[in-house]
Amino acid sequence: MLSQPDYLYRVWSVEAGLPQISVTAIVQDQQGFLWLGTQNGLARFDGHQFTVFNTANTAALSSNLITALHFDAQQRLWIGTANGLMLRDGEQFSRLDLASPLQGAVSGFAERADGSMLVGADRLYQWQQQQLQPVAEHKGPVFQLFQQQDQIWVGGQHGFAVLSDEGYQWVAAPQDLPALQMTEIARVGSTLYLGTNQGLYSWQDGLWQQLSLPGQPADSRIELLYQDPQQQLWVTGYDSVYRLEHGQLLPADFVRGEEGFVWIESMLQDQHQNLWLGSRSHGLKRLRKAVTQRFSTEVGLPDPYSWAVQPWRQHMLVGTSKGLALLQHGQYQVLTANQLLPDSFVYSMLLDSRQHLWVGTRAGLSRLDADSLAWQRNYDSISSLLVTTLAEEAERIWVGTNGGLYYLQQDGLQQDEAQQIGAQQDELQQLGLPDALLQARVRMVFPDSAGRLWVGTENGLYLRTEQGFNRLDDMPLSGSFISTITEFADGNILVGSFDQGFVLGQPGNWRWFNQQNGLPGNGVMHAAQVEQHLLISNFQGFYRVDYAALSRGKVDKLYMLVDDRRPEAATDSHRCCNGAGSNKGAVHQGRVWYPTLNGVVTLPLQQLLHYAPLPAPVVKSLTAQGQRYSSANVVVDAAQRDWHFRFTAPYYVQSSSLQLRYQLLGYETGWVEGGNRREAFYTNLPPGKYQFRVQARQSADYRWSDAALMDIRLPSYWHETLLAKALLALLVLLSLWVLYRWRLSALARAGHELELQVAQRTAELHLANEKLQQLSMHDALTGLHNRHYLDSNIERILSRTARRGGLLTLALLDLDHFKSINDKLGHQAGDAILKQLADIVRQSSRSADHLIRWGGEEFLLILEHNEDVRGTLQRLLQAIKQYNWQQLQLSQALTCSVGAVSFSADANWQQQLQWADQALYWVKQHGRDGYLLLQDGQTLPDNTELAVLLQEGTVPVYSDKLPVVG
């Protein structure tokens, strides 16, 4: 059961796309989509987007005020409105009551065993054999239909009816309740619960009983009775929600929450056990049970800001901004020792082998008795310092602060030994420590099993061996903010940093892991090995990863148990984690514990194998030349060779973290990573059989879902058929035969003269081939055309443009900051980047486009067809940015700047090329990473500066760098 500290929620309203704040009905289809009835239309919801159907875009809808929804056994959606009945079968909507329109709102649906449908409205109707007929036995309006197996209850005026195999039976309400309307019905066991306009009643064996809702008048109107799949009964009034437990109605105040979510009139528990609530006045809310549990101020924690956790017996000590508290059996007990601490801000703790509890605060160190938790003494010599870390090594207690490293020599030494080393027992010392650690901001002290002492500071790592203290500068985290250090059973040392990832191994043999290796974040607050898993916490949450794979240098099976990287996490996560230093996590009593800014978050260790349900992707549609297809097997027309796929994955927990990838088998050999994008485009596809596939996953999960599939067949044109090709081949063979016979005859007549001519032509052909070899029209590095290609073909291109009567587009594309990339990575890496860019440009272009390497990192695109120049440029720039440039050593996405001009064929193309160059220079001046398109059917004016042209506004200009209107 959900309770106040356990549930996580999210609310959607009109600003998120919900058509109206009143959610009157909620149902879910087999694909996982939620269908929501509102007072401004019907909405389909996938967690990411609301798709709205209303009278403006769906002619069959009689009204935008939706009153009831129901999916029947055939997965058809029945839709009741304020004045009509509709059915959605597949993708088609139809109205069922056109012949005899219903009078009044549809209140509910119930499906009988024979497949007929009961409809509640101004009276009871039955839809059977494509006709809507009144049910003669029932008189008066129907306020509710409730079905349980083969029985149907009908809520009416002053009573209810029961429909079963035995027929129709009316049960009248008591005579002293003449205006009773049975608006809600539910059955638990043998008891029937009736929500009415005058309160809640139960009915059993002919006996009526009025039930009181705690804190509400007995005659309060009941808004909803909902029986979830676990047979839990929920009861809602205007501003209250109750659950029926063991025959008692108990308040469920967590449903209302701090945001005041009230007036609930629809509910649904979905396929993943999320509980959905629809409000008349507050939109849509989702509740879910978290795998984690939070213990905070509601169970007695003195302050929500928690900084340290320390196991104590079978319980947990928690250090907060207001002192120490002991968590026992789900409740906190504040320690009386808090009154004697030098500061209430507790940041670190240590339970040593001598039954001392050391407590580090923002103003120094205290010692408590570990058995009674009674205060013993404070150490005033560091009363101005924050104690960040504590560690025990033999007879010493190490104390790390934000003002240096200290130690305390316990009474294990003989007095004369203590005097020899100058140590004063039970007082903090720095004798013998290197100067670098006397004032360092220490965050972690850790003695390992080999007798070494590790000291992590905010600007680097130190290691004490038999030779003394040394700063470790020959490692990946040299100079970094060290936040945690720990040792595992195999002897490996993990050193975690605040913002540079972590290393695993030993000095001289470190493996470095960070976001570039696939980690969800570079921070490490705490790390612990649990069986085959490594648990890591940071400010973004905490995750598990396969430890054996890490030992081999690979990040594998990474799964976020709590993911706080999304905006939804404010209410949809038990947010984690907090602090850097000792006590920022603990494995204790079968759980892992973390301090947070709102109490302590804990996870049972058996939940380490927990996985959230995988998203189920859906291919929504294929659109080709304006025609939409949605079935699993599609045959398109031969002319429909440009395809637009739309897809999604209904998922309702932090849906912004959803990642999708797709593949068109028969065209692509690998997956295309789409991120959160839910559409894909293909152009100029050849005929054949294809299969479009989509997979989905959460960014916090390494697992991909099963693929959603759509099979498509693209027929050939008549001249592409096998028969046409065979006839063409036969014609070619006949022509060759005739030519061959003619050639033999000519050779017989020509004799020696022909041999001389052949020799002469062979020599000429050899010379021509040599010239062609010298004048190659292709760039050797990228395989694209070169400038000679343009010189040889521009007149033919202009002629085709003139005959077509359209515009020709020249687009100059230039890599941003390529010189710095070459300088940093070298020309070999630069050449690899240019080759990859050429491949991206080639894949993003149509067969009619001309692609030219213009020089260095500059490319010229000639587009003969101008149907969507802006879209072409935008998709090209997006494809370049979305490519995984990290595999070519780039630390961030590569961007380009584009200057383009569209012009008619009678213009001077060289002048237009100069305009494109000016447009490119303008983009470079305005932040790069964009395009500027000059578009005009007339010739652009000569001898005019681009800035003047933009100011005058005489030529249409389009750019993603400023809102210029063409």
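Residues numbered from 1 in each chain as written. Predicted model: local features only at pLDDT ≥ 70, side-chain atom pairs only at ≥ 80, totals over all residues. Heavy atoms only, no water.

With that out of the way, let us pick up the overall build of the chain. A tally of regular secondary structure across the chain gives 13 helices and 71 strands. Taking 966 residues into account, the globule formula puts the C-alpha radius of gyration at 30 Å, and the chain, at 38 Å, lies well above it. By its C-alpha atoms, the chain is 120 × 100 × 60 Å across when sized along the principal axes. For the chain, the proportion of its 966 residues judged to be buried stands at 53%. In the chain, the proportion of contacts linking residues at least 24 apart, taken out of those at least 6 apart, comes to 52%. With the model as given, the accessible surface of the chain reaches about 44,100 Å², and the carbon-plus-sulfur share is 48%. Side chains of the chain give 75 positive and 94 negative charges; the mean places of these two sets differ by 6 Å. (Helix = DSSP H or I, 4+ residues; strand = E, 2+ residues; numbered from the N terminus. Rg over C-alpha atoms; globule rule 2.2 N^0.38 Å. Buried < 20%, exposed > 50% of the residue type's maximum accessible area, 1.4 Å probe, protein only. Contact = heavy atoms within 4.5 Å. Areas by Shrake-Rupley, 256 points an atom, 1.4 Å probe, with all protein chains shown as cover. Lys, Arg positive; Asp, Glu negative; His and termini not counted. Charge placed at Lys NZ, Arg CZ, Asp CG, Glu CD.)

Turning our attention to the packing of helix α10 (residues 827–843) against helix α11 (residues 869–882). Two packed helices can be described by the angle between their axes and the distance between those axes. Running from N to C, α10 and α11 cross one another at 140°; their axes reach a closest spacing of 10 Å. Classified by the interaxial angle, the pair formed by α10 and α11 is oblique. Crossing of α10 over α11 shows right-handed handedness. Residues Leu 837, Ile 840 and Val 841 of α10 touch α11, and the partners they reach there are Leu 876, Ala 879 and Ile 880. Classifying every residue of the contact of α10 with α11 gives 6 nonpolar, no polar and no charged. (Axes fitted to C-alpha atoms, helices over the stretch in contact; angles between N-to-C directions. Parallel < 35°, antiparallel > 145°, perpendicular 65-115°, else oblique. Left-handed = near helix turned anticlockwise from the far one by under 90°. Nonpolar A, V, L, I, M, F, W, Y, C, P; charged D, E, K, R; others polar.)

Okay, the side chain of Asn 338 next. Turning to its location among the elements, Asn 338 is positioned in the loop between β33 (331–334) and β34 (346–351). In this structure Asn 338 comes out as buried when scored by relative accessible area, which is 15%.

In this structure the tally under the stated criterion is 41 aromatic pairs. With a centroid separation of 5.7 Å and 50° between ring planes, the pair formed by Phe 45 and Tyr 652 is classed as tilted. Taken together, the residues span a long stretch of sequence, with Phe 45 in strand β4 (residues 41–45) and Tyr 652 in the loop between β60 (643–648) and β61 (658–665) at a distance of 607 residues. The residues Phe 45 and Tyr 652 share a single accessibility class, namely buried. In this structure an aromatic cluster arises from ring pairing among Trp 643, Phe 645, Phe 647, Tyr 662, Tyr 667, Tyr 682, Tyr 690 and Phe 692. Directly above the aromatic system of Tyr 611 lies the positively charged group of Arg 544, at a separation of 4.6 Å from the ring centroid. Positioned above the aromatic ring of Tyr 958 is the side chain of Arg 870, whose terminal nitrogen or guanidinium carbon lies 3.9 Å from the ring centre. (Phe/Tyr/Trp six-rings, centres within 6.5 Å; stacked < 30°, edge-to-face > 60°. Lys NZ or Arg CZ within 6 Å of the ring centre and 35° of its normal.)

Spatially, the 4 strands line up as an open sheet ordered β29-β56-β55-β54, and their pairing is antiparallel. Two strands bound the open sheet, and with one partner strand each, they are β29 (293–295) and β54 (586–588). The mean angle between the axes of side-by-side strands here comes to 30°, regardless of whether they run parallel or antiparallel. In the sheet, β54 pairs with strand β55 (residues 591–596) via 3 bridges, with the strands oriented antiparallel. (Pairing = 2+ DSSP bridges.)

We now examine the state of the cysteines. Tallied over the entire structure, the rule returns 1 disulfide. Here Cys 576 is linked by a disulfide to Cys 577, with a sulfur-sulfur distance of 1.2 Å. Between Cys 576 and Cys 577 the disulfide shows an S-S torsion of about 50°. By sign, it is right-handed. Across the pair, Cys 577 and Cys 576 agree in class, each one buried. (Disulfide = S-S within 2.5 Å.)

The next subject is the confidence of the model for the chain. Summarising the model, the chain shows a mean pLDDT of 91, and 95% of its residues fall at 70 or more. A low-confidence stretch, residues 413–423 stays under pLDDT 50, and its non-local contacts, those more than four residues away or across chains, total 9 contacts. (pLDDT = per-residue confidence, 0-100.)

Another aspect to go through is the sheet that holds strand β13 (residues 131–134). Pairing between the strands of a sheet comes from backbone hydrogen bonds, and it takes one of two forms, parallel or antiparallel. If you walk across this open sheet you meet the 4 strands as β10-β11-β12-β13, and the pairing is antiparallel. Edge positions in the sheet fall to β10 (108–111) and β13, since each has one partner strand and no second. On average, each strand axis in the sheet is inclined to that of its neighbour by 25°, with strand direction left out of account. By the bridge criterion, 4 bridges tie strand β11 (residues 117–120) to strand β12 (residues 124–128) in an arrangement that is antiparallel. Note on β12: the bridge partner recorded for Met 117 is Trp 127.

On to empty space enclosed by the protein, then. By the definition in use, this model includes 1 cavity of 30 Å³ or more. In this structure, the largest cavity encloses a volume near 30 Å³. Around the largest cavity, the lining residues are Phe 33, Arg 44, Asp 46, Gln 49, Thr 51 and Lys 620. Residues belonging to the lining of the largest cavity are distributed by class as follows: 1 nonpolar, 2 polar and 3 charged. (1 Å grid on protein atoms, 1.4 Å probe; cavity = no way out; pocket = protein on both sides within 12 Å on 5 of 7 lines; lining within 4 Å. Points joined across faces, edges and corners; volume = space filled by probe spheres on them.)

This part covers the pattern of salt bridges. In this structure the tally under the stated criterion is 34 salt bridges. Residue Glu 393 is joined to Arg 464 by a salt bridge in which the shortest nitrogen-to-oxygen separation is 2.5 Å. Taken together, the positions of Glu 393 in strand β38 (residues 387–393) and Arg 464 in strand β44 (residues 460–465) put the pair 71 residues apart, joining distant regions of the chain. Overall, Glu 393 belongs to the buried group, its relative accessible area being 15%. A relative accessible area of 16% means that Arg 464 is categorised as buried. Salt-bridge contacts for Arg 471 lead to Asp 473; the nearest nitrogen and oxygen are separated by 2.7 Å. Judged by relative accessible area, Arg 471 falls into the partly exposed class, the value being 31%. Several salt bridges converge on common partners, so that one network encompasses Arg 367, Arg 377, Asp 426 and Glu 427. (Salt bridge = Lys/Arg side-chain N within 4 Å of Asp/Glu carboxyl O.)

Now for the side chain of Asp 849. Mapped onto the elements of the fold, Asp 849 is located in the loop between α10 and β67 (850–855). The exposure class of Asp 849 is buried, given its relative accessible area of 10%. Separated by 2.9 Å, the side chain of Asp 849 and the backbone nitrogen of Arg 846 make a polar contact. Beyond its immediate stretch of four places on either side in the chain, Asp 849 contacts Ile 862, Leu 863 and Glu 864. (Polar contact = N/O pair within 3.5 Å; in protein donor to acceptor, adjacent residues only side chain to side chain.)

Moving on to a nonpolar patch on the surface. Together, Leu 728, Leu 731, Val 732, Leu 733, Leu 736, Leu 739 and Trp 742 give the surface a local cluster of nonpolar side chains, amounting to about 730 Å² of exposed area. Residue placement: Val 732 occurs in helix α6 (residues 722–750). Since its relative accessible area comes to 42%, Val 732 is described here as partly exposed. (Patch = residues over 30% accessible without salt bridge, like charges linked within 9 Å, V, L, I, M, F, W, Y side chains within 5 Å.)

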